[in-house]
Amino acid sequence: MTLFDSHCHLADERFGADTAAVIERAAAAGVTRMLSVGAIGGIETDRRTVEIAERNAGVFAAIGVHPHDARDASPERLSELRELARCDKVVAIGETGLDFHYQHSPPAAQEASLEAHLQLAREQELPVVIHCRSAERRLAEILRAAGMPERGGVIHCFTGDLEAARAFIDLGCHLSYSGIVTFKNAGVLRETVSFVPGDRLLVETDAPYLAPEPYRGRRNEPAYVASTAKAVAALRGVSPEDLAELTVCNADRLFGLDATAASTAA
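For every chain, the first residue of the written sequence is number 1, and numbering continues from 1 along that sequence. Whole-chain, interface and lining totals are the exception, using all residues; otherwise, since this is a predicted model, local features are given only for residues with pLDDT of at least 70 and side-chain atom pairs are given and counted only at 80 or more. The side-chain numbers reported here are obtained from all heavy atoms of the structure, hydrogens and water having been left aside.

Asker: Could you give an account of the overall build of the protein chain, with specific residues and numbers?
Answerer: Put simply, DSSP marks the helices as runs of H or I at least four residues long and the strands as runs of E at least two long, and each gets a number from the N terminus on. The helix and strand tally for the protein chain stands at 10 helices and eight strands. Only the C-alpha atoms count toward the radius of gyration. The rule for a globule is 2.2 Å times the residue count to the power 0.38. Taken over the C-alpha trace, the protein chain has a radius of gyration of 17 Å; the compact-globule value for 266 residues is 18 Å, and the two agree within 12%. Reported as C-alpha extents along the three principal axes, the dimensions of the protein chain are approximately 45 × 40 × 35 Å. A simple rule labels every residue: compare its accessible area, found with a 1.4 Å probe on the protein chains alone, to the largest value its type can have, and call it buried under 20%, exposed over 50%, or partly exposed in between. Of all 266 residues assigned to the protein chain, the portion counted as buried reaches 56%. A sequence separation of at least 24 residues applies to 75% of the contacts in the protein chain between residues at least 6 apart. Surface exposure here means Shrake-Rupley accessible area, sampled with a 1.4 Å probe, where a residue is shielded only by the protein chains that are shown. Total accessible area on the protein chain is roughly 10900 Å²; 48% of this is exposed by carbon and sulfur atoms. Should any heavy atoms of two residues lie within 4.5 Å, those residues are considered in contact.

Asker: Explain the sheet that holds strand β8 (residues 201–203) to me, using residue names and the numbers behind them.
Answerer: The strand order across the open sheet built from eight strands is β1-β2-β3-β4-β5-β6-β7-β8, with neighbouring strands paired in parallel fashion. Edge positions in the sheet fall to β1 (3–8) and β8, since each of these pairs with one other strand and no more. Each adjacent strand pair in this sheet contributes to an overall mean axis angle of 30°, direction not counted. Strand pairing is defined by DSSP finding a minimum of two bridges between the two strands. As defined by bridge partners, strand β5 (residues 128–133) adjoins strand β6 (residues 153–155) across three bridges and the pair is classed as parallel. From the neighbouring strand, V129 faces β6, where its bridge partner is V154. Simply put, an axis is a line fit to the C-alpha atoms, just over the touching stretch for a helix, and the angle between two N-to-C directions goes from 0 to 180 degrees.

Asker: Can you tell me about the pairing of strand β3 (residues 59–63), naming the residues and giving the values?
Answerer: In terms of residue burial, β3 counts as a mostly covered element, since five of its five residues are buried. Residues V59, A61 and I63 of β3 are buried on one face, and the alternating residues F60 and A62, pointing to the opposite face, are buried as well. Where strand β2 (residues 31–37) meets β3, four bridges bridge the pair, whose relative direction is parallel. In the strand pairing of β3, S36 is matched with A61.

Asker: Summarise the side chain of T19; cite the residues concerned and give the values.
Answerer: Inspection of the secondary structure puts T19 in helix α1 (residues 19–28). Residue classification places T19 among the buried positions, given a relative accessible area of 10%. For T19, the side chain forms a polar contact with the main-chain oxygen of G16, separated by 2.7 Å. Residues adjacent in sequence count toward polar contacts only when both atoms are side-chain atoms; beyond that, a polar contact is any pair of N or O atoms within 3.5 Å, and within protein one must be able to donate a hydrogen and the other to accept it.

Asker: Go over the side chain of K89, please, and point to the residues and values.
Answerer: Its place among the elements puts K89 in the loop between α3 (75–84) and β4 (90–99). Charge convention: Lys and Arg are scored as positive, Asp and Glu as negative, and His as well as the terminal groups of each chain are ignored. Salt bridge, as used here, is a side-chain nitrogen of Lys or Arg placed within 4 Å of a carboxyl oxygen of Asp or Glu. For the buried K89, no salt bridge exists, and the shortest N-O distance to an oppositely charged side chain is 8.1 Å, to E54. Here N56 takes part through its backbone oxygen, which lies 3.0 Å from a polar atom of the side chain of K89. A polar atom in the side chain of K89 sits 2.8 Å from the backbone oxygen of V59. With sequence-adjacent residues up to four places away left out, K89 is seen in contact with A53, E54, N56, A57, V59, F60 and A61.

Asker: Describe the nonpolar core, listing the residues and the values that go with them.
Answerer: Grouped together as the largest cluster of nonpolar side chains are 70 residues, with contacts concentrated most on F168 and Y177. When near neighbours in sequence (up to four residues on either side) are disregarded, F168 contacts C132, E136, L139, A140, L143, I155, F158, C173 and L175. The nonpolar core is taken to be a set of buried Ala, Val, Leu, Ile, Met, Phe, Trp, Tyr and Cys residues, with the residues joined through side-chain atoms within 4.5 Å.

Asker: Residues and numbers for the pattern of salt bridges, please.
Answerer: Pairing is possible between side chains of opposite charge, provided their charged atoms come close. A complete count under the given rule lists 12 salt bridges for this structure. The closest approach of N and O atoms between R219 and D18, which form a salt bridge, is 2.6 Å. Placement of the pair is R219 in the loop between β8 and α8 (225–236) and D18 in the loop between β1 and α1, with a sequence separation of 201 residues. Here D18 falls in the partly exposed class, since its relative accessible area comes to 23%. Here the salt bridges do not stand alone but share partners, grouping D18, R25, R219 and E221 into one network.

Asker: Tell me about the environment of G179, residues and numbers included.
Answerer: Looking at where G179 falls in the secondary structure, it is placed in the loop between β7 (173–177) and α7 (187–193). The sequence separation of G179 and T205 amounts to 26 residues, and the corresponding C-alpha distance is 6.2 Å. Setting aside its immediate chain neighbours within four residues, G179 contacts E204, L210, P212 and T228.

Asker: Help me get a handle on the packing of helix α4 (residues 107–124) against helix α5 (residues 136–146), residues and values and all.
Answerer: With their axes 11 Å apart at the nearest point, α4 and α5 run at an angle of 40° to one another. Judged by the angle between their axes, α4 and α5 are oblique. By crossing handedness, the relation of α4 to α5 is classed as right-handed. Contact with α4, carried on its side by E111, L114, E115, L118 and R122, involves R138, L139, I142, L143 and A146 of α5 and no other residues of that element. Gly is placed with the polar residues, together with every amino acid not listed as nonpolar (Ala, Val, Leu, Ile, Met, Phe, Trp, Tyr, Cys and Pro) or charged (Asp, Glu, Lys and Arg). Taken together, the residues of the contact of α4 with α5 sort by class into six nonpolar, no polar and four charged. Comment on the angle field: the value is read as roughly parallel under 35 degrees, roughly antiparallel over 145, roughly perpendicular from 65 to 115, and oblique elsewhere. Crossing handedness follows the turn of the near helix against the far one: under a right angle anticlockwise gives a left-handed crossing, and clockwise gives a right-handed one.

Read these as layout, nothing more, since geometry by itself doesn't imply function.
This is the structure we're talking about:
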């Protein structure tokens, strides 16, 4: 199978000097393309993310300010992101969004940062990568009021119920499933998998976080997206190969990777 890990964090310190080996293991597992997301921490994480993408043909970058750090989404930080977005390997803005579970930043700061990221995505003509935890209804309200960027976006690591899935799909979002879908206590999430239209479906690792079964408890890696893809395929009643092909096409389209770029990346 050829797979696209639509969300990982290759600049995370848990990879460090091991990053090249992680990318090699991913390629050996058929993961020929991946979106590496900065966002967590300071602008240095975004810069490292772009540098990794520039060194590796199959890696692309998303840059932004994570909701946990939304209090730091100053005009100066957004200006730095705008400058960094000029790199050809930057194919998305984010991850931004709302996290009302941990609330490391106040809700008002998270909402202001989200709206600023939506505007930045419009300016740069890029899709937006959105994080959502314990905030599905409020996120949908903001997206309805502000409108999605023309290039659309994805709810990464979707963990909502059928109501949330329907709301985000109606707004034009893609939904990306992580290793959580393989967890024993994820029954409500699994019920949403067959509801998602085929052209809105993605898979991801969120590596180094949230390793799927049977790797749960280990450091997650892009190579493990194959386990998530197989679980999603079973829930949709299709072959893993067909699911892989579908999600690769969806990711290529969302992130603006045409056939030529995809072939080069592989």
